[in-house]
Amino acid sequence: MIEQEENVYQKSNLLLDIENLSIDFKVYGGLVKAVRNVNLQIENGQSLGILGESGSGKSTIALAILSLLPENAVITGSVSLYNDKYVDSENKPKNKRGLKLLDQKLRDIRWKDISMVFQGAMNSFNPVYTIGRQIGEVFRIHTDLDKNQIEKRVVELLKDAGLTPAVKDSYPHELSGGMKQRAVIAMALALDPKIVIADEPTTGLDVITQAEIIATLKRLKQSGRIKSFIIISHDIGVVSQLADKIAVMYAGAIMEYGTVADIYKNSHNPYTIELLKSYPNLSNARQHVEGIPGRLPDPANLPKGCKFADRCYMKDSICTTEEPELQYIDGMHYSRCYFAKNITQNYPKAPNFANNYIKNTKLIEIEHLTKNFDLKKNIISALYSKDKPSVHAVSDVSMEIREGEIVGLVGESGSGKSTLARLLIGLLKPTSGNIKYYFNENDFVYVNKLKSNHKDYIEFRKNTQMIFQDPFDSLNPKMTVFNTVSEPMIGNHITKDVMEMQEAVKASIANADLFPVEAYMDRFPYELSGGEKQRVGIARATVINSKFIVADEPTSMLDVSLRASFMNRLNKIRIERGMSILYISHDIASVYYLADRIYVMYLGSMVEGGKADDIIKSPLHPYTKALIKSVPNPDPSWNPGHIDIIGEIGNSIDIPKGCRFYDRCVYRQKICKDTVPPVKSNGEHWYKCHFEQNELEHLKNEGYS
Amino acid sequence: MKTNTKILKDNIKFKLNNVRKQFKVFYRSWYGKAGLYILIAFIIVALLAPVLVHGNPFSGIPSEDYFKPVTMEDKKLNFTVESSLNKISATEGEYKTGSYYMFTAGESGKNYGIFAITANDSGSSCLLFKTNGTVTNFMAFAPESTSLQYLTDIFASSNHSLYVYNVLCSSSGSSVKALPVAHISVNGTIVTAMVSTNSPRFGQPSFVTDEVMAATSTVDSCPYGSYTYAVVENNTGMYLNEYYTYNLHELWSHKLSLTGSPHIYFIGNNFITPNSPEVIVTGGKNIDAWNVTGALLFNNSYSFNIGQLAIPAEYQYFDLKPGYQDAFMSSGNSLYILNLINGTRTFIYTASHTIAAIGVSRGSHGFPSDLIISSGNYYYALAKSKTGNVQVTGESKLPFGVNNIEYYHSGKFLLSNTTTGQMIYLINAFQKYPYSWNSNLKASVGNPIMFEEPYSFKIDNVTYGSGPTIALLSGNNIIMYSFEGNPVSLGPTFHTVSGLILPLGTNIAHDNVFALFIDSFPPDLEVGFAAGIMTILISLVVAMFIGYYSGMVSSFMETLALSIFLIPTLPLYIVLASVLGPSLINLIFIFSLLGWPFVTFSLIGIVRSVKTRTFVESAKVSNIKTLSIMKRHFVPNMGTLLVYLTAINIGGAVAAVSSFEILGLVSVSIPTWGGMLSSFLGDFYSITVYPYATIPPIVALTLFILAFIFISRGIDEVANPTLGGRK
C-alpha cells in the first residue's frame with residue numbers, strides 16, 4: 001500500500017499486515033516466482049477478496065499467512081498480526097532456541113488467530129473417523145476442555161454452520177459434498193479465530209449448494225461469528241458476495257485493488273476488465289464473449305515489463321520495458337497500469353455467422369432410455385433377492401437432437417448426465433429403450449440392437465465422437481499429439497496412407513486453433529497447458545468429420561479465461577461443418593451461451609426441455625426455477641433471497657415411487673409421492689409436473705403463509 | 001511432407017530422447033549408478049570368461065601341483081656330511097631287530113670316515129670307522145652267505161687307501177659297530193672304486209688263505225665271492241686294479257687308455273657262469289670291458305664322449321643271454337644301444353638337447369618295459385615297437401631340468417635334479433598328468449635311494465605302513481619320504497610346479513577355483529536373465545488379460561494364478577529333475593512357469609487403474625480394437641514399472657537358481673556359483689579351511705543381487721519422482 005494514505009486510527013485497528021511479500025520456489029529447473037512484492041492489509045471486521053486465475057499466486061499467499069509453505073520456498077518480506085511480525089525474512093531465527101520460539105508462536109497463531117478452509121477441503125476428512133471426532137480433535141489439541149465440553153462445543157459449531165447435530169456421528173462418506181464443506185467451515189470456526197481464510201470454498205459443488213454455502217458464509221459474517229474474512233476465488237460472483245475489498249492478482253502481483261463497486265463497475269485495469277467480461281453470465285444473455293487471448297506467463301521465466309502486456313489490448317511500447325507501479329485512482333482504488341487514469345473499455349466485435357446452420361432433420365432420437373446398474377450386496381441377495389437394489393442412473397429419458405444444433409444438458413452432479421452421454425456414444429448398453437440414428441431423413445437404425453461389427457454400427461461409430469471432461473486424463477501421457485489425434489482415423493480405418501493421415505491431423509489441429517501446427521504435432525501432453533490439452537481434444541473429436549459430438553463438461557477443468565475461447569471454437573466448428581453437439585455442463589451460464597435447446601435433468605429423469613431462451617427466461621419446473629435463481633450474479637447489489645429448494649440431491653438407489661423431485665420440492669403434495677407426473681407442454685417447451693403454473697403460484701403462497 | 005521412414009526415425013528419436021531424459025534422472029541417484037556399474041562389471045567378466053580361462057574347469061589341475069610327499073624324517077645329522085660324495089648307501093641291518101641302517105661318508109671333529117645312521121624315529125648316528133683323508137667312494141653290500149645272512153659289509157676308499165669293514169649291530173638293534181676286515185694303501189691316486197657283490201668265484205685264489213676263506217664264508221661250496229675294482233692314477237697313467245675284497249690282495253692290474261674321467265660298471269652279480277661277468281670302464285670316448293679273470297673282452301673308441309651307461313637291474317641274473325645283452329648308452333643328444341658282449345653300438349634316438357639322465361626298469365623280460373630319458377625340459381619314454389625299432393612313445397614337459405632318474409617299480413620313476421634339490425615322482429609316463437608329488441629342497445641333494453623293506457611309522461597320529469620309502473641327503477640333513485604322496489589343498493599361489501597360475505588356489509576336489517569362478521559367470525548370468533525375462537513376458541500377457549477383462553474368465557485366471565503361486569517350487573523341481581534329468585534349461589522353465597504369478601499380481605493393479613483412465617475410453621470411442629488398445633495404451637504406461645519388476649525378478653531368479661545349485665540339484669558338469677558352494681553343505685568346517693573357495697562365489701552372488709536391487713531403486717526415482725528427491 002502507498003503508506004501516506006494510512007492514518008493512525010487505521011493503523012491501530014490493523015489486524016493483518018503483509019509487507020512486500022515475495023515468495024519464490026526452488027525447483028529443479030530454476031526458480032519459480034510465485035508471489036512478487038505483495039502488500040495487503042486487513043482491518044478488524046473487514047473482509048478481503050482475492051480474485052485471480054489459477055497460477056496467479058492466491059493460494060500461495062494464503063499458505064504464507066499461515067506459514068505453511070514447503071521447504072523449498074524462499075520468502076522475502078514479512079507478515080504480521082497485530083504488529084507482531086511472525087513471518088519475517090530479515091529476522092530469521094538463527095539457533096535452535098530461536099526456532100523453538102518461532103514454532104511456539106506459530107502454534108499459537110494457527111487456528112486460534114487465523115484459520116483456513118483449504119481448497120478441496122471436503123476431500124481432506126479422514127474416512128475412518130466420524131465428523132464429530134475430527135472437529136473435536138481441534139479442541140483436544142489446542143485447548144484442555146474435557147470430553148463433554150468438547151461435545152457441546154462441536155454441536156454448537158455444527159448448528160452455526162447450518163448442519164443438524166446428527167452429523168457429528170456420521171462418517172465422511174455418508175455426507176454429501178455440501179455438507180462436508182459446511183463441516184469444514186465449522187472446523188475452521190472452532191476456536192473463534194480472528195481471521196478465516198477460505199480458499200475456493202465452492203469448487204466442486206453444484207450451483208445450488210454453492211448458493212447455499214455462500215448464504216451460510218454471509219450469515220456467519222453478518223452475525224459476527226466470522227470477524228474478518230479472506231475469500232480467495234476465481235469466480236467474481238462468489239467474491240463479490242462475500243468481500244468488502246477485492247484484490248485482483250495476475251502472475252503473482254496485485255493488478256488492481258479496491259472496493260467491490262470499484263472493481264465491478266468502475267475498473268481501471270485492462271486485466272480486470274477482460275477478466276470480468278471473459279465468461280458468459282446469465283444477465284448478459286447471449287452476448288458474444290471473447291476470452292483473453294494468449295496464455296499465462298511461465299512463472300519460471302517471467303518476461304520483462306508488465307506481465308500482462310502480451311495479452312493486453314492497451315499495450316504500448318513502455319509496457320514491455322518496465323513494470324508499472326500501483327497507481328492511485330481514488331479512495332481505496334489502486335491499479336497497476338500505465339494507462340490507469342484513462343482506461344478505455346474493450347468491446348470485441350462479434351463475428352458474423354450465417355444463421356442457416358440449423359437444419360430441421362433429426363440426427364439422433366432417444367425413446368424411453370433406461371439404464372440401471374446392479375448393486376451386488378452379497379452373493380445371497382445377488383442370486384436370490386427378487387427386488388435387486390440397483391442404481392437407476394437414467395430412467396425413461398426421451399430427447400432428440402437435430403442436425404446442426406447444440407443441445408445443452410443441465411443438471412447437478414449425480415443426475416445422470418454423464419451416463420446418458422456414454423449411452424449415446426455406445427460405451428454403455430442401455431437396459432431398455434431405443435436409440436435411433438438417422439442416416440438421412442427417412443432412414444434410421446436402432447443402434448442399441450446392432451451387433452458391434454454390423455456395418456451400420458460401424459457407420460454410427462464413425463460419426464460420433466466425444467470430448468471428455470478431464471483434459472489431463474484424456475490424453476495418453478506417452479503419446480504425442482499426432483498419435484492422439486490420429487487415433488480415430490486408425491480405429492475407423494479411414495486411410496492407411498501416412499501422408500493423408502498427417503494432412504488430416506494438421507488440418508484438424510489448425511482448426512482447433514493451435515499454432516504453429518508443426519510444433520504441436522510432436523509435443524507430449526506434459527508440454528501442453530490445460531487449455532491446449534482440451535483443444536487437442538477438440539482436434540481429436542473433429543478429425544474424421546463426425547456428425548455428432550458429445551461434450552461432457554469440457555470446460556469445468558479449465559481456467560475461466562480459457563472457457564470462452566473454447567466455447568467459441570466449438571461454435572465455429574459447428575457452424576462450419578454443420579455438426580450436432582450435445583453440450584453437458586452444470587454451469588448454466590455457459591450452456592445458455594452455446595445451446596440452442598436445453599434439457600434439464602434431475603436424478604436420472606428429464607424434467608424440463610425447450611428452447612434456450614424459454615428455459616432461462618421463463619423456467620417452468622420447480623427445479624429449474626431454483627437452479628436459475630441460484631446462479632450468483634457478480635453485481636454486488638444482487639441478493640438471491642430465498643432459494644425455493646429443500647435439502648440435497650438424493651441418491652438414485654431408493655428412488656421415490658412418484659415424482660423424483662418429491663423430496664426437495666417446496667410445492668409437493670400427496671399426489672406427487674405416488675404417481676409419476678405427466679408431461680405438460682406448450683409447443684416446444686415441456687415440463688413434468690402434476691400442476692400448471694398458476695397452481696404452483698397458488699401452492700407457493702399457501703406454503704409460505 | 002514426411003515419409004514413412006522419416007516418421008519412424010522421428011518416432012524413434014523422440015522415444016530415445018525420452019529414454020535419455022529418464023536415464024538422467026536414474027543416473028542422479030547414487031544407488032542407480034552403483035547398481036549399473038556393478039552390473040556392467042559382471043557382464044564384462046562374463047563376456048571375457050572364455051578369454052580369461054581356457055578349457056573345462058573340471059578337467060583338473062596337474063597332480064604334481066597338489067600332491068606333496070609325506071615326510072617321514074627330516075633330521076639334522078650330528079656330523080658334517082662329505083658333500084662331494086653326497087651319497088647314502090643302505091641295506092638291511094639285523095633283521096631280527098627290524099632296524100635299518102644308512103651309511104654315509106662324513107667328518108666329525110677332524111675324523112673322516114663312514115657313519116651309520118639308524119633309520120627310525122630314534123635315529124642316531126655314529127662313526128663306524130675312520131679313514132685317513134676324506135672318503136672318495138664307498139659302498140655297503142651284503143654278500144650272499146647262509147649263516148651270516150643280513151650282515152653288512154662296507155667298502156670305502158680314500159685318496160690312497162681302500163678299506164673293508166664288517167658291520168655288527170647289537171641284538172636289540174640299538175648300537176652298531178664295525179670290525180675291520182682289510183685295509184691297503186695304494187701308490188697313486190684312487191680316482192674311483194667299486195665293489196661287486198655276488199660275483200661267481202673262479203676257484204680259490206692261491207693267495208687266499210684258508211683262514212680268510214673261513215672268515216668270509218663258512219660254506220666251502222659257496223660259489224660267490226666279491227671283488228673290488230679301483231681305477232688308480234699315477235704318473236704312468238691310469239690302471240684298473242682288481243682286488244679280492246676280503247683281503248684286498250691285488251689280483252690284476254691293466255692299463256687304461258681313457259680320454260675322460262672314468263666310470264666303472266659291473267655286470268655279473270648273481271651270474272652263474274664265471275666267464276660272463278664283466279667290468280666296464282668308460283672314460284671320454286673310450287670304453288673297455290674285462291672279464292673277472294682279467295681277460296679283455298672289448299675295447300672301443302667312439303667319436304663322441306660317452307655320457308651314461310644304463311644297465312637294467314635284472315640283467316645281473318641272466319648271464320648275458322640273448323635279449324639280455326643290451327645296455328643303453330647316452331652320448332650328447334643321442335641314445336645308443338651297447339651290446340655288452342662285443343661292444344657294438346646301435347643308434348636309437350636323438351633328442352633336442354643333451355640327454356641328462358637315463359632311467360630303465362628292471363628288464364626281467366628282456367627289453368625293459370620302461371625306458372625314460374630326460375633331455376632339456378622334457379622327458380621321453382621309449383619302447384620297442386613290433387617291428388623291432390625303438391621309438392618314442394610318450395613325452396611330457398618337465399617342470400625342471402632332470403639329471404638323475406631312479407626307477408622304483410611298475411613304471412614309476414623318481415626324477416630329480418641333484419644340484420637344485422627338486423624332485424618329482426613320475427607314476428605313469430603315458431597319462432595326461434603323469435606325476436604324483438614333487439618336492440623342492442632348494443639345496444643340492446644326494447641321489448635318492450629306495451628302502452625296499454618297508455617299516456611303518458606314524459606322523460600326526462596317522463600310521464603309514466607298508467610303503468617303500470625314499471631316503472636322501474640334503475645339506476646336512478637326512479630326509480625320508482614315503483612313496484605315496486598326499487593331496488593337499490593349495491592356497492592362492494602364482495608359482496606352481498607345472499607353471500599354472502592359481503589366483504584362488506584349489507578347493508576340496510582339487511579344481512582350479514579361479515577357473516571355476518570365472519567360468520560360472522556366463523551360466524549364472526544366462527540363467528538369471530533368461531528366467532527373469534521369461535517370467536516378465538508371461539506375467540505381462542496374463543496380467544493384461546486378467547486386468548482388462550472382468551467377469552468369470554478373468555476371475556478364473558486369477559484363481560489359477562493364485563494356485564500356481566502356491567505350488568512349492570523346490571519339490572516340483574526335484575521331481576522334474578529326477579524324471580527329465582537335471583539341466584539348466586529345466587530350471588529356467590520351472591522358475592518362469594512358477595514365478596510369474598507374483599509379478600502378475602503387481603501388474604494387475606496397474607492394468608486395472610490404467611483401464612479406468614479416460615484415454616482408454618476415448619480409444620474405445622474411436623473404435624480401436626482391444627489388442628491395439630493394450631499395445632498402444634497399456635504397455636507404454638507400465639513401462640517403468642516393467643523395468644523395475646524385471647530388475648527385481650532377475651535378481652530373484654539368480655537367488656533361487658543358486659539355492660537349487662547349492663542343494664546340488666543341477667548337473668555338476670556346469671560350473672556355477674552355487675555349485676562351488678555345494679560341497680560345503682554337509683561340511684561347514686571346510687569353509688574355514690578353504691576360505692578362498694567359498695568367499696568369491698558368496699561375494700559374487702551378493703553383489704549381483706544387490707546390483708539389481710540398486711538398479712531398481714534408481715528406477716524407482718524415475719517412476720515415482722518426488723519433489724526435491726527421495727529423502
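This one's a predicted model, so the numbers in the text were calculated from it and none came from an experiment.

Chemist: It is not clear to me how the overall build of chain B should be interpreted in this structure. Could you clarify?
Modeler: A tally of regular secondary structure across chain B gives 14 helices and 37 strands. The contacts of chain B with a sequence gap of at least 6 include a subset with a gap of at least 24, amounting to 57%. Just so you have it, chain B exposes about 32,800 Å², and 59% of that area is on carbon and sulfur atoms.

Chemist: Please explain the overall build of chain A as it appears in this structure.
Modeler: Scanning chain A from N- to C-terminus turns up 24 helices and 24 strands. Within chain A, the fraction of its 705 residues that count as buried is 55%. For chain A, the proportion of contacts with a sequence separation of at least 24, taken over those separated by at least 6, is 67%. Surface exposure of chain A reaches about 31,200 Å², of which carbon and sulfur atoms provide 51%.

Chemist: Would you mind going over the pairing of strand E11 (residues 189-195) of chain B with me for this structure?
Modeler: Side chains on a regular strand alternate between the two faces of the sheet. Residues and elements named next belong to chain B. Of all 7 residues in E11, 5 are buried; the element is thus mostly enclosed. Where E11 meets strand E14 (residues 227-234), 6 bridges bridge the pair, whose relative direction is antiparallel. Among the inter-strand pairings, Thr-189 is bridged to a residue of E14, identified as Glu-233.

Chemist: For this particular structure, what's the right way to read the nonpolar core?
Modeler: Grouped burial of nonpolar side chains is what soluble globular proteins tend to show. Residues and elements named next belong to chain A. Of all hydrophobic cores here, the largest spans 70 residues; its most connected members are Ile-509, Tyr-583, Ile-598 and Tyr-623. Apart from residues lying up to four places away in sequence, Ile-509 is in contact with Val-481, Leu-514, Val-517, Tyr-520, Met-521 and Ala-539. Membership of the second largest hydrophobic core comes to 67 residues, among which are Val-154, Phe-229, Ile-263 and Ala-309.

Chemist: What's the story with the sheet that holds strand E30 (residues 412-417) of chain B in this structure? I'm lost.
Modeler: All names here are of chain B. Spatially, E29-E30-E31-E32 is the arrangement adopted by the 4 strands of the open sheet, whose pairing is antiparallel. Edge positions in the sheet fall to strand E29 (404-409) and strand E32 (435-440), since each has one partner strand and no second. When strand polarity is set aside, the average angle formed by the axes of neighbouring strands in this sheet is 15 degrees.

Chemist: Got a minute to help me understand the packing of helix H1 (residues 4-28) of chain B against helix H14 (residues 691-719) of chain B in this structure?
Modeler: Packed helix pairs are characterised by how far apart their axes lie and by the angle those axes make with each other. Residues and elements named next belong to chain B. It is at 8 Å that the axes of H1 and H14 come closest, and there the two elements cross at 120 degrees. As the angle between them shows, H1 and H14 are arranged oblique. Of the two elements, H1 crosses H14, and the hand of that crossing is right-handed. On H14, the residues that touch Gln-22, Val-25 and Phe-26 of H1 are Ile-711, Gly-714, Ile-715, Glu-717 and Val-718. Looking at side-chain class alone, the contact of H1 with H14 contains 5 nonpolar, 2 polar and 1 charged residues.

Chemist: Which parts of the structure should I look at to understand the sheet that holds strand E7 (residues 195-199) of chain A?
Modeler: In a beta sheet, neighbouring strands are held together by backbone hydrogen bonds and run either parallel or antiparallel to one another. Residue and element names in this part refer to chain A. With mixed pairing, the 8 strands of this open sheet are ordered in space as E6-E7-E8-E3-E9-E10-E12-E11. Looking at the sheet topology across the chains shown, the edges are occupied by strand E6 (114-117) and strand E11 (327-330). In this sheet, neighbouring strand axes are inclined to one another by 20 degrees on average, regardless of whether the strands run parallel or antiparallel. Relative to strand E9 (residues 245-250), strand E3 (residues 47-52) runs parallel, the two sharing 5 bridges. When the sheet's bridge partners are listed, Leu-48 is paired in E9 with Lys-245. Along the sheet, helix H10 (residues 270-277) makes contact with E3, E9 and strand E10 (253-259), crossing E9 at roughly 95 degrees.

Chemist: Explanation requested: the environment of Phe566(A) in the structure shown.
Modeler: All names here are of chain A. If you trace the backbone, Phe-566 turns up in helix H19 (residues 560-577). Separated by 31 residues in the primary sequence, Phe-566 and Arg-535 place their C-alpha atoms 7.4 Å from one another. If near-sequence neighbours (up to four positions away) are discounted, Phe-566 is found in contact with Ile-467, Gln-534, Ile-538, Pro-554, Thr-555 and Leu-558.

Chemist: Explain the packing of aromatic side chains here, please?
Modeler: Each aromatic ring pair is characterised by the separation of its centres together with the angle its planes make. This model, assessed by the stated rule, comprises 50 aromatic pairs over all chains. Ring geometry for Tyr328(A) against Tyr334(A): centres 5.3 Å apart, planes inclined by 55 degrees, an arrangement best described as tilted. Residue Tyr328(A) is classed as partly exposed on the basis of its relative accessible area, which comes to 35%. Taking the centre distance of 6.4 Å and the plane angle of 50 degrees together, the rings of Phe680(B) and Tyr690(B) count as tilted. Of this pair, Phe680(B) sits in the loop between helix H12 (673-678) and helix H13 (686-689) while Tyr690(B) sits in the loop between H13 and H14, and the two are 10 residues apart along the sequence. Across this residue pair, the class does not change: Phe680(B) and Tyr690(B) are buried. The rings of Phe42(B), Phe517(B), Phe521(B), Phe529(B), Trp673(B), Phe704(B) and Phe708(B) are connected pair by pair, giving a single aromatic cluster. Over the ring of Tyr520(A) we find Arg523(A); its NZ or CZ atom is 4.7 Å from the centre of that ring. Stacked on the ring of Tyr548(B), the Lys or Arg Lys611(B) has its end atom at 6.0 Å from the ring centre.

Chemist: I'm lost on the interface of chain B and chain A in this one. Help?
Modeler: Accessible area lost during the coming together of the parts is what is often quoted as the interface size. Of the residues lining the interface, 26 residues belong to chain B; the matching set on chain A comes to 34 residues. For the pair chain B and chain A, the summed buried surface comes to about 2,900 Å²; carbon and sulfur atoms form 51% of the total. Seen at the junction of chain B and chain A, the total is 3 salt bridges. Between Arg632(B) and Glu487(A) there is a salt bridge whose closest N-O contact spans 3.2 Å. Mapped by element, the contributors of at least two residues to the side of chain B that touches chain A are H1, helix H9 (614-621) and helix H10 (626-637) of chain B. In terms of residue count, H9(B) provides more of the side of chain B that touches chain A than any other element does, 7 residues in total. Taken together, the residues of the side of chain B that touches chain A break down into 9 nonpolar, 9 polar and 8 charged.

Chemist: Sorry if this is basic, but what is going on with the side chain of Thr282(B) here?
Modeler: All names here are of chain B. Tracing the backbone through its elements, the reader meets Thr-282 in strand E18 (residues 278-283). Using a relative accessible area of 1% as the deciding quantity, one classes Thr-282 as buried. Leave out the neighbours within four places in its chain, and Thr-282 touches Leu-258, Ser-261, Pro-262, His-263, Tyr-265, Ile-287 and Ile-306.

Chemist: What am I meant to see in the confidence of the model for chain A here?
Modeler: Interpretation of this model should avoid reading the predicted coordinates in detail wherever pLDDT is low. On average, residues of chain A carry a pLDDT of 83, and 92% of them reach 70 or more. Predicted confidence for residues 1-11 of chain A stays below pLDDT 50, and this span has 12 contacts to residues more than four positions away or in other chains.

Chemist: Got a minute to help me understand the pattern of salt bridges in this structure?
Modeler: Opposite charge on two side chains permits them to pair, given that their charged atoms come into close proximity. Residue and element names in this part refer to chain A. This model, assessed by the stated rule, comprises 30 salt bridges over all chains. Linking Glu-365 and Lys-362 is a salt bridge whose minimum nitrogen-to-oxygen distance equals 2.9 Å. With its nearest N and O atoms 3.0 Å apart, the salt bridge here joins Arg-664 to Glu-412. With a gap of 252 residues between them, Arg-664 in the loop between helix H22 (622-629) and helix H23 (670-674) and Glu-412 in the loop between strand E15 (406-410) and helix H12 (417-425) connect regions that are remote in the sequence. Looking at Glu-412, the relative accessible area reads 2%, which means it is buried.

Chemist: Help me out: how do you make sense of a nonpolar patch on the surface in this one?
Modeler: All names here are of chain B. Together, Phe-23, Tyr-27, Tyr-37, Ile-40, Ile-44, Leu-48, Val-51 and Leu-52 make up a nonpolar patch on the protein surface, roughly 730 Å² of accessible area in all. When residues of the nonpolar patch are traced back to their parent elements, those giving at least two are H1 and helix H2 (30-52). Among the elements that line the nonpolar patch, the one with the most residues is H2, at 6 residues. For Leu-48, the position within the fold is in helix H2.

Chemist: Explain the state of the cysteines to me, please; I cannot follow it from the model alone.
Modeler: Residues and elements named next belong to chain A. Scanning all chains against the criterion turns up 0 disulfides over all chains. Left unpaired, Cys-319 is separated from the closest cysteine sulfur, that of Cys-306, by 6.0 Å. Cysteine Cys-689 shares no disulfide, and the gap to the nearest cysteine sulfur, in Cys-672, comes to 6.1 Å.

Chemist: Teacher, can you tell me more about the side chain of Asn512(B) here?
Modeler: All names here are of chain B. Structurally, the position occupied by Asn-512 is in the loop between strand E37 (477-487) and helix H5 (513-548). What makes Asn-512 buried here is its relative accessible area of 12%. Discounting residues that sit within four places of it in the chain, Asn-512 has contacts with Ile-61, Ile-501, Leu-502 and Gly-505.

Chemist: Is there a simple way to explain the packing of helix H4 (residues 131-142) of chain A against helix H5 (residues 147-160) of chain A in this structure?
Modeler: All names here are of chain A. Close contact between H4 and H5 brings their axes to 9 Å; oriented N to C, the two are set at 115 degrees. Two packed elements cross with a definite hand, and for H4 against H5 that hand is right-handed. Facing Gly-132, Ile-135, Gly-136, Phe-139 and Arg-140 of H4, the residues of H5 in contact are Ile-150, Arg-153, Val-154, Leu-157 and Leu-158.

Chemist: What is the right way to look at H4(A) in this model?
Modeler: Think of an α-helix as turning once every 3.6 residues; residues three or four places apart then point the same way. Residue and element names in this part refer to chain A. The end-to-end C-alpha distance of H4, which contains 12 residues, comes to 18 Å, matching closely the 16 Å that a straight helix rising 1.5 Å per residue would cover. Regarding H4, the residues found buried are Ile-131, Gly-132, Gln-134, Ile-135, Gly-136, Val-138 and Phe-139. Residues of H4 that are buried make contact with H5 and helix H6 (177-188).

Chemist: What exactly am I supposed to notice about unusual backbone geometry here?
Modeler: In most cases, non-glycine residues show a negative phi, while peptide bonds are predominantly trans. Across the junction of Phe515(A) and Pro516(A), the peptide omega takes the value -5 degrees, indicating a cis bond. With respect to the element layout, Pro516(A) can be found in the loop between helix H16 (498-511) and helix H17 (517-521). Even without a glycine there, the phi angle at Leu603(A) is positive, about 50 degrees. Looking at the secondary structure, you find Leu603(A) in the loop between strand E21 (597-602) and strand E22 (605-611). For Leu603(A), a relative accessible area of 4% corresponds to the buried category. For His510(B), which is not glycine, the phi dihedral falls at a positive 60 degrees. Along the chain, His510(B) falls in the loop between E37 and H5. The exposure class assigned to His510(B) is buried, which follows from its relative accessible area of 16%.

What counts, and at which threshold
Residues numbered from 1 in each chain as written. Chains lettered and ligands numbered in written order. Predicted model: local features only at pLDDT ≥ 70, side-chain atom pairs only at ≥ 80, totals over all residues. Heavy atoms only, no water. Helix = DSSP H or I, 4+ residues; strand = E, 2+ residues; numbered from the N terminus. Contact = heavy atoms within 4.5 Å. Areas by Shrake-Rupley, 256 points an atom, 1.4 Å probe, with all protein chains shown as cover. Buried < 20%, exposed > 50% of the residue type's maximum accessible area, 1.4 Å probe, protein only. Pairing = 2+ DSSP bridges. Core = buried A, V, L, I, M, F, W, Y, C linked by side-chain atoms within 4.5 Å. Axes fitted to C-alpha atoms, helices over the stretch in contact; angles between N-to-C directions. Parallel < 35°, antiparallel > 145°, perpendicular 65-115°, else oblique. Left-handed = near helix turned anticlockwise from the far one by under 90°. Nonpolar A, V, L, I, M, F, W, Y, C, P; charged D, E, K, R; others polar. Phe/Tyr/Trp six-rings, centres within 6.5 Å; stacked < 30°, edge-to-face > 60°. Lys NZ or Arg CZ within 6 Å of the ring centre and 35° of its normal. Buried area = accessible area lost by both parts, 1.4 Å probe. Salt bridge = Lys/Arg side-chain N within 4 Å of Asp/Glu carboxyl O. pLDDT = per-residue confidence, 0-100. Patch = residues over 30% accessible without salt bridge, like charges linked within 9 Å, V, L, I, M, F, W, Y side chains within 5 Å. Disulfide = S-S within 2.5 Å. Expected span 1.5 Å × (residues − 1).

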